[in-house]
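# Structural overview
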Amino acid sequence: MRPPVTPSRLRSALAGVALAVSVAACSPQIATHGNMVDVDALAKIEPGRTPQSEVLALLGSPSSQANFGEPTWYYIGQRTERQAFYRPETIERRVVYVDFEPTGAVKSIGTLDLEDGKKIAIVDRETPTAGQRITLLKQLIGNVGRFTPTD
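Residues numbered from 1 in each chain as written. Predicted model: local features only at pLDDT ≥ 70, side-chain atom pairs only at ≥ 80, totals over all residues. Heavy atoms only, no water.

What follows deals with the overall build of the protein. Helix and strand counts for the protein stand at four helices and five strands. Along its sequence from the N terminus, the protein presents helices and strands in the succession α-β-α-α-β-β-β-β-α. Relative to the globule expectation of 15 Å for 151 residues, the C-alpha radius of gyration of the protein, 30 Å, shows a markedly less compact shape. When its C-alpha atoms are laid out on the principal axes, the protein stretches across 85 × 75 × 40 Å. Buried residues in the protein amount to 15% of all 151 residues. Nonlocal contacts in the protein, meaning residues at least 24 apart in sequence, comprise 45% of its contacts between residues at least 6 apart. Of the accessible surface of the protein, which amounts to about 12700 Å², a share of 56% is contributed by carbon and sulfur atoms. Across the protein, the mean location of the 17 positive side-chain charges is 14 Å away from that of the 16 negative side-chain charges. (Helix = DSSP H or I, 4+ residues; strand = E, 2+ residues; numbered from the N terminus. Rg over C-alpha atoms; globule rule 2.2 N^0.38 Å. Buried < 20%, exposed > 50% of the residue type's maximum accessible area, 1.4 Å probe, protein only. Contact = heavy atoms within 4.5 Å. Areas by Shrake-Rupley, 256 points an atom, 1.4 Å probe, with all protein chains shown as cover. Lys, Arg positive; Asp, Glu negative; His and termini not counted. Charge placed at Lys NZ, Arg CZ, Asp CG, Glu CD.)

In this section: the side chain of Asp 99. Residue placement: Asp 99 occurs in strand E4 (residues 89-100). At 6.5 Å, Lys 107 is the nearest oppositely charged side chain to Asp 99, a buried residue that forms no salt bridge. In this structure the side chain of Asp 99 is engaged in a polar contact, spanning 2.6 Å, whose partner is the side chain of Thr 72. Setting aside chain neighbours within four positions, we find Asp 99 in contact with Pro 71, Thr 72, Ala 105, Val 106, Lys 107 and Ser 108. (Salt bridge = Lys/Arg side-chain N within 4 Å of Asp/Glu carboxyl O. Polar contact = N/O pair within 3.5 Å; in protein donor to acceptor, adjacent residues only side chain to side chain.)

On to the pattern of salt bridges, then. Within the structure shown, the criterion is met by four salt bridges. Across the pair Glu 46 and Arg 49 runs a salt bridge, and its minimum N-O distance is 3.3 Å. For Glu 46, a relative accessible area of 39% puts it in the partly exposed group. Close ionic contact of Arg 94 with Glu 92 constitutes a salt bridge, the shortest N to O distance being 3.0 Å. For Glu 92, a relative accessible area of 27% puts it in the partly exposed group. Shared partners join several salt bridges into a network, and the residues in it are Arg 79, Glu 92 and Arg 94.

This paragraph deals with the nonpolar core. Counting 12 residues, the largest nonpolar core is built from Val 37, Ala 41, Leu 42, Ile 45, Val 55, Leu 59, Trp 73, Tyr 75, Val 96, Val 98, Phe 100 and Val 106. When residues of this core are traced back to their parent elements, those giving at least two are helix H2 (39-43), helix H3 (52-59), strand E3 (72-82) and E4. Per-element accounting of this core gives the leading share, three residues, to E4. Apart from residues lying up to four places away in sequence, Val 37 is in contact with Leu 42, Leu 59, Tyr 75, Arg 94 and Val 96. (Core = buried A, V, L, I, M, F, W, Y, C linked by side-chain atoms within 4.5 Å.)

A cluster of nonpolar side chains, contributed by Leu 136, Leu 137, Leu 140 and Ile 141, occupies part of the molecular surface with about 450 Å² of accessible area. Looking at where Leu 136 falls in the secondary structure, it is placed in helix H4 (residues 136-142). (Patch = residues over 30% accessible without salt bridge, like charges linked within 9 Å, V, L, I, M, F, W, Y side chains within 5 Å.)

By secondary structure assignment, the location of Thr 80 is in strand E3. Residue Thr 80 is classed as buried on the basis of its relative accessible area of 11%. Sequence-distant contacts of Thr 80, defined by excluding residues within four places in its chain, comprise Gln 29, Ile 30, Ala 31, His 33, Pro 88, Glu 89, Thr 90 and Ile 91.

Dropping the structure here:
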């Protein structure tokens, strides 16, 4: 036989559920975006010896490729942490670039991290456009008599 549900037991159960939900909401959520290159796979690439096909097999498809100049592949990835309702904060960023010789062999490898990035101040201004600002009512009235019926 079950023990009866008393108001004190109900309050205790609700308090336990509320505590569990609040603790779960405070735990940080970590998300990975892009291609975080494995350091062990990167160590297998030897400049002057490793061909493009082997780099593709080891690191996968690049996030981006250089359009001009020497062929360069970029592998871009980052980890962000979000706590409750706050904005996500970037905790790790890694950009690996692989330069290739015209023959297709690896020329050089380099990495950039969060400290190599630069902060960009975003301006919230609007660019003025030429012309008039017309309200909906002006648009409706302005179109009266402009259209001719078709036969």
